[in-house]
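Single-letter residue listing:
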Amino acid sequence: MHVYADNAATTKMSQTAIDAMLPYFDKVYGNPSSLHSVGQEAKEALDAARETVAECLGCEPREIIFTSGGSEADNQAIVSAARYGAKKNKKHIISTAFEHHAVLHTLNKLEKEGFEVTYLDVRNNHNITAQQVKDAIRPDTCLVTTMYANNEIGSILPIAEIGAICKEAGVPFHTDAVQAVGHLHINVKEENIDMLSLSGHKFHGPKGVGALYVRRGFPLVNVIEGGAQERGKRAGTENLAAICGMAAALKDACSHMDENMARVAAMRDKLIAGLSQIPHSALNGDPVNRLPGNVSFCFEGIEGESLLLLLDAKGVCASSGSACTSGSLDPSHVLLAIGRVHDVAHGSLRLSLSEYNTDEEIDHILKAVPEVVQYLRNMSPVWRDLQSGKRQYIL
Ligand SMILES: *Cc1c(COP(=O)(O)O)cnc(C)c1O
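The model shown is predicted, which means the values in this text are computed figures rather than measured ones.

Q: Before we go on, may I ask you to explain the overall build of the protein in this structure?
A: A count of helices and strands for the protein gives 14 helices and 12 strands. Computed over the C-alpha atoms, the radius of gyration of the protein is 22 Å, within 12% of the 21 Å expected from 2.2 N^0.38 for a compact globule of 395 residues. The dimensions of the protein, computed from C-alpha atoms along their principal axes, are 75 × 50 × 35 Å. The proportion of buried residues among the 395 residues of the protein is 56%.

Structural data, given as structure tokens:
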């Protein structure tokens, strides 16, 4: 059996999204900026895609800028707010300790330029509260940027409450909603979000395409300079096929949202209940406010990398945390941020599900993981020391 349980890293494209892309390679191949009929046909498709995305988020089409993905959208949103703040001598930013690297590395760059960043603590409930944001706001705060839902441990943040607080304080609010769009009900106006990043490949659309929602009137600065595409805010000929594929995938996801959420969450809960039976294990992430597809555990006394390789041999594709940090020996910054010590953080497993998974696959995972954990523990010197009492269990 082959089980793909790494949907937080990327998803397979839906047939709907593939079909939506195909005409734009050789039939509607014009440049949307060209004035002739071939170009105008492409322009119409671009406008229609923008309307679809706007409708799914509850905003106006003119508030959507297409980008190369979630990372670019995050960079542009954060840099824009920083530049705007600096003009008014406001150089303080509020974020969280468990953001995606697209946000964290952009913030690190700004810190080197003299911005001060408050990273909210996420050890309590593996989440933040809106009160933490409220308490951190200062007169010189120019941006609050918190993710909508965490890609490694699945915690869903109190976005509407944070939005209300930011609105009241007059502080721009950006959210990296890459894990949430297409998976959770979102309305940027009701939630008082000023900027939101999304990415096509996290909801069965194509890779290399995303979007930034920007509240009308917010002064965006360009990350990519050049032509006047995207209202002059993002240069470069539009990747029309990808944009149309993403819009189709998003429409599909939004129109089946409730049924997908219910089915995926039921599989998630079965996995969590089953894997919790493994001794000396711990669930990572908010147990209540949690992405429908996220299962994240730490198992004491094992190495996550070996776990992944052995699971792969049993047909299960999973991850130890973020695809972006695999390949490095450092444990995930997210697991450290929620308070897992290094040894425990190394023994992590993330299973991220989608509506394409089946109950049979969940049963297969529930058989494979305990077997592999036991096998690795039997070979582990650390586990031997834990069992003999030479070392104390943490979990
Ligand atoms: C995947 C992901 C990104 C990056 O999106 P890309 O389109 O791959 O650049 C950013 N933030 C989060 C939370 C993600 O899960």
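Q: What is the right way to look at the environment of Val122 in this model?
A: The residue Val122 is located in the loop between β4 (116–120) and α6 (130–136) in this model. Between the C-alpha atom of Val122 and that of Met261, which follows or precedes it by 139 residues, the distance is 25 Å. With near-sequence residues (within four places) excluded, Val122 lies in contact with Thr96, Ala97, Phe98, Asn127, Ile128, Ala337 and Ile338.

Q: What is the right way to look at the side chain of Thr175 in this model?
A: Relative to the elements of secondary structure, Thr175 occurs in strand β6 (residues 173–176). You can call Thr175 buried: its relative accessible area is 0%. Each residue touching Thr175, except ones within four places of it in the same chain, is listed here: Thr146, Met147, Tyr148, Ile159, Ile193, Met195, Leu196 and Ser197.

Q: What's the story with the site of the ligand in this structure? I'm lost.
A: Neighbouring the ligand are 13 residues; Ser71, Asp176, Gln179, Ser199 and Lys202 lie closest to it. Backbone polar atom of Gly70 to an oxygen atom of the ligand: 2.8 Å apart, as the coordinates give it. When the ligand sits alone it has 380 Å² of accessible area, and the protein chains cover 87% of it. Considering every element that reaches the shell around the ligand, the biggest residue donor is helix α4 (residues 70–87), with 3 residues. Looking at the shell around the ligand residue by residue, the class counts come to 2 nonpolar, 8 polar and 3 charged.

Q: Got a minute to help me understand the pairing of β6 in this structure?
A: Regular strands show a simple pattern: their side chains alternate between the two faces of the sheet. Along β6, one buried face is formed by Phe173 and Thr175 and the opposite face, lined by His174 and Asp176, is buried too. The pairing of strand β5 (residues 141–145) with β6 spans 2 bridges and is classified as parallel. Bridged to Val144 within β6 is Phe173. Note on the crossover from β5 through helix α7 (residues 159–169) to β6: the handedness is right-handed.

Q: Help me understand the sheet that holds strand β10 (residues 294–299), please; the structure alone is not making it clear to me.
A: Either a parallel or an antiparallel arrangement is found when strands of a sheet pair, and the pairing is made through backbone hydrogen bonds. One open sheet holds the 3 strands; their spatial order is β9-β10-β12, and the pairing between them is antiparallel. Lying at the two open borders of the sheet, with one neighbouring strand each, are β9 (281–283) and β12 (348–352). Looking at each pair of strands side by side, their axes are set apart by 20 degrees on average, direction ignored. Where β9 and β10 come together, 3 bridges link them in antiparallel fashion.

Q: Whenever I open this one, the nonpolar core confuses me. Can you help?
A: Buried together is how nonpolar side chains tend to be arranged in soluble globular proteins. Formed by 66 residues in total, the largest nonpolar core has its most connected members in Leu57, Ile64, Phe66, Tyr148, Val181, Leu196 and Leu198. It is helix α8 (residues 240–255) that provides the largest number of residues to this core, a total of 9 residues. Leave out the neighbours within four places in its chain, and Phe66 touches Leu46, Ala49, Arg50, Val53, Gly210, Ala211, Glu230, Arg234, Ile243 and Met246. One finds Phe299, Ile362, Leu366 and Val372 within the second-largest nonpolar core, a separate group that totals 28 residues.

Q: Help me understand unusual backbone geometry, please; the structure alone is not making it clear to me.
A: The bulk of non-glycine residues show a negative phi, and the bulk of peptide bonds are trans. One non-glycine residue, His126, lies in positive phi territory at about 55 degrees. Within the secondary structure, His126 is located in the loop between β4 and α6. At Glu230, a residue that is not glycine, the phi angle is positive and equals roughly 50 degrees. You can see Glu230 is positioned in the loop between β8 (210–214) and α8. Classification of Glu230 by relative accessible area gives buried; the value is 6%.

Q: How do you make sense of the pattern of salt bridges when you look at a structure like this?
A: A full pass over the atoms with the stated rule returns 18 salt bridges. When the shortest N-O distance is used, the salt bridge between Asp121 and Arg123 registers 2.5 Å. When its relative accessible area of 32% is taken as the criterion, Asp121 is described as partly exposed. In this structure Arg123 comes out as exposed when scored by relative accessible area, which is 53%. The salt bridge partner of Asp343 is Arg391, with a shortest N-O separation of 3.2 Å. Taken together, the residues span a long stretch of sequence, with Asp343 in helix α12 (residues 342–346) and Arg391 in the segment after α14 (381–388) at a distance of 48 residues. On the accessibility criterion, Asp343 (48% relative accessible area) is partly exposed. The network of salt bridges with common partners includes Glu116, Arg138 and Asp140.

About the cut-offs
Residues numbered from 1 in each chain as written. Predicted model: local features only at pLDDT ≥ 70, side-chain atom pairs only at ≥ 80, totals over all residues. Heavy atoms only, no water. Helix = DSSP H or I, 4+ residues; strand = E, 2+ residues; numbered from the N terminus. Rg over C-alpha atoms; globule rule 2.2 N^0.38 Å. Buried < 20%, exposed > 50% of the residue type's maximum accessible area, 1.4 Å probe, protein only. Contact = heavy atoms within 4.5 Å. Near = heavy atom within 4 Å. Polar contact = N/O pair within 3.5 Å; in protein donor to acceptor, adjacent residues only side chain to side chain. Areas by Shrake-Rupley, 256 points an atom, 1.4 Å probe, with all protein chains shown as cover. Nonpolar A, V, L, I, M, F, W, Y, C, P; charged D, E, K, R; others polar. Pairing = 2+ DSSP bridges. Right-handed = clockwise from strand over helix to strand, strands pointing away. Axes fitted to C-alpha atoms, helices over the stretch in contact; angles between N-to-C directions. Core = buried A, V, L, I, M, F, W, Y, C linked by side-chain atoms within 4.5 Å. Salt bridge = Lys/Arg side-chain N within 4 Å of Asp/Glu carboxyl O.

Function-wise, these values are silent; they only describe arrangement.
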